[in-house]
Structures are given as C-alpha cells and as structure tokens.
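# Observations on the model geometry
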Amino acid sequence: MTTILDGVATGATIRSEAAEAAATIRNQAGRAPGLAVVLVGDDPASQVYVGSKRRACEAAGLASFGHLLPADTPAAELFALIDRLNADPAVDGILVQLPLPAHLPTRELLERIDPAKDVDGFHPVNVGRLWIDEPGFVPCTPAGIIEMLRRYDIPLRGRRAVVIGRSTIVGKPMAGLLVRESATVTVAHSKTRDLPGLCREAEILIAAVGRAGLVDASYVAPGAVVIDVGMNRVSDRSLAERLTGGDEKRMAAFERNGSVLVGDVDYPAAAPLAAAITPVPGGVGPLTVAMLLANTVTAARRRLGLQAAAGG
Ligand code: NAP
C-alpha cells in the first residue's frame, strides 16, 4: 500500500500551530509576529503568491505589511525600504517576492535583509548556518518537506537520499537538511550521468527539477519515498492525460484553463512502486506558506527573547 503524503493536512496543522504560537506571543509581548512582504511589479503569479501569503498571515493572527511597488522602482528605493524594515520593531520577517524585475540587483537586495529577519533563508549567513548546524532560517520549501517527513514518522537516519536539482531555494538546502538528519545524500542535476540508475538507488527521492513527469517508473526503486517539488503547467493534452492518469476533475480543469498543474514525477507510473509519495497539487505546495508562518513566529520569538512552548 502506498501512503499518500497529504501536504494540505500537514500544512493546516503547521498553520494552526503557528496561530497558537502567535497568540501566545501576542499575550506575552503585546504584539503579534509581523511579516513584511515586498512585491515589485505586476507579475500575475507573484501577485497570487503574495496574496496567499497575506491571507495565511491574517488567518493565523500574524500581522502582515504589504509593500507593493511599481516595476520601475529604482534599486536605491528598495535598499532604503529594506533598511526601514530592518529597523522596524514590528517587523519580524522580511520577504522579497522573487523574481524581481531584471534591472534590480536581486542578490544584493536579499543580502541587505537583516539575517535575523530573513524568514526565506536566502541570506548567505543563514545559508552558512544550515551547513554549520547553527540555528538560522532555512528556505520554506525544503524545511516543510523535512517537517512532513518527520510528522509521518519516515526515518531519514542512515538512509540513501537523492535530490534532483541544485537550486539555492530548493535542491541545495534540501541536501543540507537531509545531511543534518543523517541521511546519505547525493545531489543530481542536468549534468548527472545515468540519472534513472542513480535515482533507483534512493530510499528517499526528492525531485526539484521543473520538468513535467521526468521521474517515471524507471527512476523509482520499490519501496522508495518519493517527494515531488515540481510545479509545472502542461498544455499538451496527451501529456496532461498521462500525468493526471486521466483524472476527470483535473482534465475538466484542463478543458477550462487550457493547462493543468503537474509535478516532476509521473505520478501514475511512480506511485504504485513507492512506499509513500506526495501528489501534485496537494503535496509539497501547501507546506511552503505554512513554513513561512512558522519561520516568522520563530523570528519573533528570537527577537523578543521568548522561549517556544514545550513541543513547539
Ligand atoms: P531551478 O532553479 O530551475 O533548478 C532546477 C534544477 O533541476 C537545476 O539544478 C537543474 O540542473 C536541474 N535539472 C533541470 N533539468 C534536469 C534534467 N533533465 N535532469 C536532471 N536535472 C535537471 O528550479 P527550482 O527553483 O529549484 O524549482 C524546481 C521545481 O520546483 C520547479 O517546478 C518549481 O516550480 C518548483 N518549486 C515548487 C515550490 C513549492 O512550493 N512546491 C517551491 C519552489 C519551487 P542544473 O543546475 O545543472 O541546471
């Protein structure tokens, strides 16, 4: 029997724990944890992400401060905004929604954020802290995956893990977290030879690639745990039918929108082999925003010098 790892349910639990912690902090400190979200330009996908982060904050009783700036905002203005947010005592976390318009120096702006408020975990200080086992902030998507594996009692210690993808926001921090959990980790990427053969050695297989359905049955060892980070829109009908297994609801969405959301894993082919697997949608996606709330609560606690409640 394959266990379907339910990111919607796990994400909801993490969010309600963040809400409880936020209420405690409000009682102790007289203010809620606060997250500032900076969005530059009118990229529709970014607007959707920022909207869902804002609603998640509000639902959990966190304060959210939106800074929506026009696409042609000069870099100097953004540096000045980040400086103000760094100095603002009501702001515990700062998130700059990516991608930024091309004229802006993304790295320099991310590095301007106070590491203590860097709830996305992109600042080099936090990247470094992950690798030297010091408390910091870890990017939300890989942090959410570890949290879900822990909550499903999936052991990592001593197990062979393969991460496909070496991006700064998913693949590399995922590898760092798995090493921290005492897994034996291989990071694969576009130059890796015999990717299916390598992946078949994995007891834990994490796909963070951005290629619809790349991971088919030839990548999956019987009994592996398969985590699908990919979020890909497919507009080819036969590919959509294959990757959704012809699911009626999802194909109806395909007819309406001209595309459907799928992962990097060919779910119908891989799921029967796997011991546990995340679906797309409803797997890794909901964990990312949940962990953003958790990280903001942690930032508030650290900044206010408060202890986490037992177990929290
Ligand atoms: P990215 O920066 O484009 O990185 C993709 C990685 O995959 C790169 O390391 C690349 O290798 C590797 N790769 C590409 N094609 C490959 C192939 N054919 N075989 C082996 N490796 C290959 O992407 P990302 O930001 O990490 O995101 C990955 C996916 O996760 C995307 O679908 C994204 O939408 C999704 N995502 C989801 C969430 C969520 O909340 N669920 C969050 C973030 C990202 P090279 O380094 O050699 O180019």
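To continue, consider the packing of helix 5 (residues 124–131) against helix 7 (residues 171–180). Relative to each other, helix 5 and helix 7 sit at 30°, their axes nearing to 9 Å. The pairing of helix 5 with helix 7 is recorded here as roughly parallel in orientation. Between helix 5 and helix 7, the residues in contact are Arg129, Leu130 and Trp131 and Lys172, Pro173, Ala175, Gly176, Leu177 and Arg180, respectively.

As summarised here, the arrangement of the 3 strands in space is 3-2-4, forming an open sheet in which the pairing is parallel. Either end of the sheet is taken by a strand with one partner, and the two such strands are strand 3 (63–69) and strand 4 (93–96). The sheet shows a mean angle of 15° between the axes of neighbouring strands, taken without regard to direction. Examined bridge by bridge, strand 2 (residues 34–40) and strand 3 share 7 bridges and lie parallel to one another. Its bridge partner lying in strand 3, Val38 is registered against His67.

Lining the immediate environment of the ligand, one finds 22 residues, of which Arg166, Ser167, Ser190, Met231 and Thr288 sit closest. In this structure, a nitrogen atom belonging to the ligand sits 3.5 Å away from a main-chain N or O atom of His189. A distance of 3.5 Å is found between an oxygen atom of the ligand and a side-chain nitrogen or oxygen belonging to Asn232. Against a free-state accessible area of 930 Å², the protein chains account for coverage of 72% of the ligand. A per-class count over the shell around the ligand returns 9 nonpolar, 10 polar and 3 charged.

Quick look at helix 9 (residues 237–244) now. Of all the residues in helix 9, the buried ones are Ala240, Leu243 and Thr244. When helix 9 is viewed along its axis, its buried side chains cluster within an angular range of 90° and face the same direction. Where helix 9 is buried, its residues touch strand 9 (232–234), helix 10 (248–257), strand 10 (260–262) and helix 11 (267–270). Just downstream of helix 9, Gly245 is the residue with a positive phi angle, here 65°.

Right, let's talk about the environment of Gly245 for a bit. The residue Gly245 is located in the loop between helix 9 and helix 10 in this model. A residue is classified by how much of its surface remains accessible, and Gly245, at 53% relative accessible area, is exposed. Counting along the chain gives 51 residues from Gly245 to Thr296, while the straight-line C-alpha distance between them is 38 Å.

Moving on, we come to the side chain of Thr10. Structurally, the position occupied by Thr10 is in helix 1 (residues 7–29). Take Thr10: its relative accessible area is 8%, and that puts it in the buried class. For Thr10, the side chain forms a polar contact with the main-chain oxygen of Asp6, separated by 2.9 Å. Those residues in contact with Thr10 that sit more than four places away from it in its chain are Met148, Arg151, Tyr152 and Leu287.

We now examine the packing of aromatic side chains. Inspection of every chain in the model, using the stated rule, returns 0 aromatic pairs. For the cation-ring pair, Arg302 lies above Phe137, with the distance from its terminal atom to the ring centre recorded as 4.8 Å.

Here we take up the pattern of salt bridges. Scanning the model with the defined rule gives 12 salt bridges in all. For Arg31, the salt bridge is made with Asp92, and the minimal N-O distance between the two is 2.8 Å. Within this pair, whereas Arg31 is found in the loop between helix 1 and strand 2, its partner Asp92 is found in the loop between helix 3 (75–87) and strand 4, the two being separated by 61 residues in sequence. A salt bridge links Arg112 to Asp83, with the nearest nitrogen and oxygen atoms 2.8 Å apart. In this pair, Arg112 is assigned in helix 4 (residues 106–112) and Asp83 in helix 3, connecting sequence segments 29 residues apart. Given a relative accessible area of 34%, Asp83 falls into the partly exposed group. Through salt bridges with shared partners, a single network forms among Glu17, Glu147, Arg150 and Arg151.

About the cut-offs
- Residues numbered from 1 in each chain as written.
- Predicted model: local features only at pLDDT ≥ 70, side-chain atom pairs only at ≥ 80, totals over all residues.
- Heavy atoms only, no water.
- Axes fitted to C-alpha atoms, helices over the stretch in contact; angles between N-to-C directions.
- Helix = DSSP H or I, 4+ residues; strand = E, 2+ residues; numbered from the N terminus.
- Parallel < 35°, antiparallel > 145°, perpendicular 65-115°, else oblique.
- Contact = heavy atoms within 4.5 Å.
- Pairing = 2+ DSSP bridges.
- Near = heavy atom within 4 Å.
- Polar contact = N/O pair within 3.5 Å; in protein donor to acceptor, adjacent residues only side chain to side chain.
- Areas by Shrake-Rupley, 256 points an atom, 1.4 Å probe, with all protein chains shown as cover.
- Nonpolar A, V, L, I, M, F, W, Y, C, P; charged D, E, K, R; others polar.
- Buried < 20%, exposed > 50% of the residue type's maximum accessible area, 1.4 Å probe, protein only.
- Arc of directions from axis to C-beta.
- Phe/Tyr/Trp six-rings, centres within 6.5 Å; stacked < 30°, edge-to-face > 60°.
- Lys NZ or Arg CZ within 6 Å of the ring centre and 35° of its normal.
- Salt bridge = Lys/Arg side-chain N within 4 Å of Asp/Glu carboxyl O.

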